[in-house]
Amino acid sequence: MSGVLDSYGYRPGRSALDAVAVTQRRCWRKDWVLDLDIKSFFDSVDHDLLLKAVEANTDDVWVVLYIKRWLKAPLEHPDGTLQARDRGTPQGSAVSPVLANLFMHYAFDAWMDREHPGVTFCRYVDDVVVHAVTLRQAERLRSAIAERMAEVGLQLHPVKTKIVYCKDNKRRGSYEHESFTFLGYTFRARSALSKYGVVFPSFLPAVSREALKAMGQRVRGWRVHLKVSSDLADLARWMNPIVRGWMQYYGRFYRTELYPILLRINSYLMRWARSKYRRLHGFKKARAWWDAVCDRYPRGFAHWQWTQGLMPT
C-alpha cells in the first residue's frame with residue numbers, strides 16, 4: 001500500500017529527514033503541493049474512531065481498556081473543576097503522537113489509497129503535504145480531503161491549508177503561494193549550482209524562519225556572557241550536544257541558512273571572553289585571542305567545523 005510508504009511518523013527505519021528528502025524529490029517532479037493544516041488536531045481526535053484503530057492492531061483487551069480510560073479521563077482545571085472529554089488526546093503525553101499517527105493511518109493514508117491511488121503524499125503524524133500534477137488536481141484534492149476530514153471529525157484550517165506552486169528555473173508564471181513549511185524546513189526557490197558551475201533557481205528546503213527564531217531565543221536564554229566562572233571546556237560540554245543536534249537536523253539541506261545562528265553563538269562566546277578576561281576589552285586583542293583559540297582547538301565547539309566566523313559589528 002502506497003499509504004504505508006508515504007507515512008514517516010513513528011515507523012522503524014524512517015525519520016523526519018527522510019520525509020523532507022522524499023518531499024524535495026517529488027517537488028522536482030510535480031509542479032503543485034497541497035500543504036494541509038488540520039485545525040486543533042490533538043484536541044479534535046474522535047475517541048470512538050481512535051479506539052477502533054487501536055482495536056484493529058491489538059487483541060489485548062487490557063491495552064484497549066487502558067487507552068480508553070486514559071483518553072476519557074476528565075480534564076482537571078487549575079481551579080480544581082473537572083471537564084468531561086469525548087475527543088482529543090492529552091497534550092504533552094508521549095503516547096498522544098503515536099495514537100494520532102495510528103488514527104491518521106486509517107483516516108487519511110488508507111483512504112488516499114482507496115480513493116486517490118497514484119497520488120503521492122508525505123505525512124508525519126498530522127503534518128501532511130500532497131503532490132499534484134496540475135492546479136486543478138490540487139483544488140479537487142483539497143475539496144475531497146476536506147470532506148474526508150469532516151467525516152472523521154476533523155477540519156482543515158481554512159487559511160493555513162494552501163496550494164503551493166513549486167516554482168523554479170523551468171516553471172514559468174506565478175501563483176499566490178510559492179513556498180511551504182514542512183517539519184521545520186521551508187521549501188521555496190533557492191539558488192543552486194549546477195555541475196557546470198552555473199547558478200540557477202531550484203525548489204529546495206532549508207531551515208525555516210520559525211525554527212531559526214526558536215534557536216535564537218534559546219541561545220539568548222543561555223546568557224553565555226554571564227557565565228564567567230566557567231571555562232571554554234565547560235561551555236562546550238553543555239552547548240555542543242544542543243548545537244550538534246541542530247546541525248544534524250537543520251544542516252542536512254542547504255546548511256548555509258543555518259550559519260547566522262552559528263555566527264551568533266560565536267559572537268556570544270567572544271562577548272563571554274571579553275567579560276571574563278579584562279585584557280581582551282580591546283577588539284584587536286580579543287580577535288587575536290579568538291583566532292589563537294580556534295587554531296589550537298579547531299573542534300572545541302561542534303559548529304566550528306562549519307564556521308569560526310563572527311557576526312559583523
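These numbers come from a predicted model, not from an experiment.

Visitor: I'm lost on the nonpolar core in this one. Help?
Guide: For soluble globular proteins, nonpolar side chains are generally found buried alongside one another. The biggest cluster of nonpolar side chains holds 53 residues, and the ones touching the most others in it are Phe180 and Leu269. Elements that contribute at least two residues to this core include exactly helix H2 (16-29), strand E7 (180-182), strand E8 (185-193), strand E9 (199-207), helix H8 (209-222), helix H9 (232-250), helix H10 (259-276) and helix H11 (283-296). Per-element tally for this core: the top contributor is H9, with 8 residues. Counting residues in each nonpolar core, the second largest holds 37 residues, with Leu34, Leu71, Leu156 and Tyr165 among its members.

Visitor: Hey, could you run me through the sheet that holds E9 in this one?
Guide: Each strand in a sheet pairs with its neighbour through backbone hydrogen bonds, running either in the same direction (parallel) or in the opposite one (antiparallel). Taken together, the 3 strands give an open sheet; going across it, the order is E7-E8-E9, and neighbouring strands pair in antiparallel fashion. Whereas interior strands pair on both sides, the edge strands pair on one side only; in this sheet they are E7 and E9. The average angle at which neighbouring strand axes cross in this sheet is 50 degrees, direction not considered. Taken together, the 3 bridges between E7 and E8 define a ladder with antiparallel strand orientation. Paired with Thr181 across the two strands is Thr186, which belongs to E8. Sheet strands in contact with H2 are E7, E8 and E9, and its direction is about 150 degrees off that of E9.

Visitor: How do you make sense of the side chain of Arg171 when you look at a structure like this?
Guide: Take Arg171: it is sitting in the loop between strand E6 (162-165) and E7. A polar contact is formed between the side chain of Arg171 and the backbone oxygen of Cys27, at a distance of 2.8 Å.

Visitor: Where do I start with the state of the cysteines in this structure?
Guide: In a disulfide, the sulfur atoms of two cysteines are held together by a covalent bond. Under the counting rule described, the total for this entry stands at 0 disulfides. Cys166 takes part in no disulfide bond, and the closest cysteine sulfur to it belongs to Cys27, at a distance of 4.0 Å. A relative accessible area of 0% places Cys166 in the buried class.

Visitor: Help me understand the sheet that holds strand E1 (residues 32-36) in this model?
Guide: The antiparallel open sheet is built from 4 strands, whose spatial order is E4-E5-E1-E6. Strands with a single pairing partner mark the edges of an open sheet, and in this sheet they are strand E4 (121-124) and E6. Between one strand axis and the next, the sheet turns through 20 degrees on average, direction left out of account. Judged from the 4 bridges that link them, E4 and strand E5 (residues 127-132) form a sheet pairing that is antiparallel. Across the sheet, residue Tyr124 finds its bridge partner in E5, namely Asp127.

Visitor: Looking at this structure, I do not really get a nonpolar patch on the surface. What am I missing?
Guide: On the surface, a nonpolar cluster with roughly 350 Å² of combined accessible area is contributed by Val61, Trp62 and Leu65. Relative to the helices and strands, Trp62 resides in helix H5 (residues 61-72). Residue classification places Trp62 among the exposed residues on the basis of a relative accessible area of 65%.

Visitor: Would you take a moment to explain the packing of aromatic side chains for this structure?
Guide: Centre distance and the angle of the planes are the two values used to describe a pair of aromatic rings. Evaluation of the coordinates by the stated rule reveals 19 aromatic pairs. With a centroid separation of 5.4 Å and an interplanar angle of 75 degrees, the aromatic rings of Trp290 and Trp304 are classed as edge-to-face. Separated by 14 residues along the polypeptide, Trp290 in helix H11 and Trp304 in the segment after H11 bring together distant segments of the chain. Taken as a pair, Trp290 and Trp304 share a single burial class, namely buried. An aromatic cluster is defined as three or more aromatic residues linked by ring pairs; in this entry it consists of Trp272, Tyr277, Trp289, Trp290, Phe301 and Trp304. Between Arg190 and the ring centre of Tyr254, over which it is positioned, the NZ or CZ distance is 5.6 Å. The cationic tip of Arg279 hangs over the ring face of Tyr277; the distance from NZ or CZ to the ring centre is 5.0 Å.

Visitor: So what exactly am I meant to see when it comes to the packing of H8 against H10 here?
Guide: How two helices sit against one another is set out by the angle between their axes and by the gap between those axes. Two elements in contact, H8 and H10, have axes separated by 10 Å at closest approach and are oriented at 10 degrees. Classed by the angle they form, the pair H8 and H10 counts as roughly parallel. Within the contact between the two elements, H8 uses Leu212, Met215, Gly216, Val219 and Arg220 and H10 uses Ile261, Arg264, Ile265 and Tyr268. Here the contact of H8 with H10 is composed, by residue class, of 6 nonpolar, 1 polar and 2 charged.

Visitor: Sorry if this is basic, but what is going on with the environment of Ala94 here?
Guide: By the element assignment, Ala94 lies in the loop between strand E3 (82-83) and helix H6 (95-115). For Ala94, a relative accessible area of 66% translates into the label exposed. Along the backbone, Ala94 and Met215 are 121 residues apart, and their C-alpha atoms lie at a distance of 23 Å.

Visitor: Where do I start with the pattern of salt bridges in this structure?
Guide: Oppositely charged side chains may form a pair once their charged atoms are brought near each other. Taken as a whole and assessed by the stated rule, the structure comprises 8 salt bridges. The partner of Arg26 in a salt bridge is Asp6, and the shortest N-O contact between them spans 2.8 Å. Residue Arg26 is found in helix H2, and its partner Asp6 is found in the loop between helix H1 (2-5) and H2; the two are separated by 20 residues along the sequence. Arg26 sits in the buried class, given a relative accessible area of 12%. Residue Asp234 is joined to Arg237 by a salt bridge in which the shortest nitrogen-to-oxygen separation is 2.5 Å.

Rules and cut-offs
- Residues numbered from 1 in each chain as written.
- Predicted model: local features only at pLDDT ≥ 70, side-chain atom pairs only at ≥ 80, totals over all residues.
- Heavy atoms only, no water.
- Core = buried A, V, L, I, M, F, W, Y, C linked by side-chain atoms within 4.5 Å.
- Buried < 20%, exposed > 50% of the residue type's maximum accessible area, 1.4 Å probe, protein only.
- Helix = DSSP H or I, 4+ residues; strand = E, 2+ residues; numbered from the N terminus.
- Pairing = 2+ DSSP bridges.
- Axes fitted to C-alpha atoms, helices over the stretch in contact; angles between N-to-C directions.
- Contact = heavy atoms within 4.5 Å.
- Polar contact = N/O pair within 3.5 Å; in protein donor to acceptor, adjacent residues only side chain to side chain.
- Disulfide = S-S within 2.5 Å.
- Patch = residues over 30% accessible without salt bridge, like charges linked within 9 Å, V, L, I, M, F, W, Y side chains within 5 Å.
- Areas by Shrake-Rupley, 256 points an atom, 1.4 Å probe, with all protein chains shown as cover.
- Salt bridge = Lys/Arg side-chain N within 4 Å of Asp/Glu carboxyl O.
- Phe/Tyr/Trp six-rings, centres within 6.5 Å; stacked < 30°, edge-to-face > 60°.
- Lys NZ or Arg CZ within 6 Å of the ring centre and 35° of its normal.
- Parallel < 35°, antiparallel > 145°, perpendicular 65-115°, else oblique.
- Nonpolar A, V, L, I, M, F, W, Y, C, P; charged D, E, K, R; others polar.

Any functional reading would require information that these geometric values do not contain.
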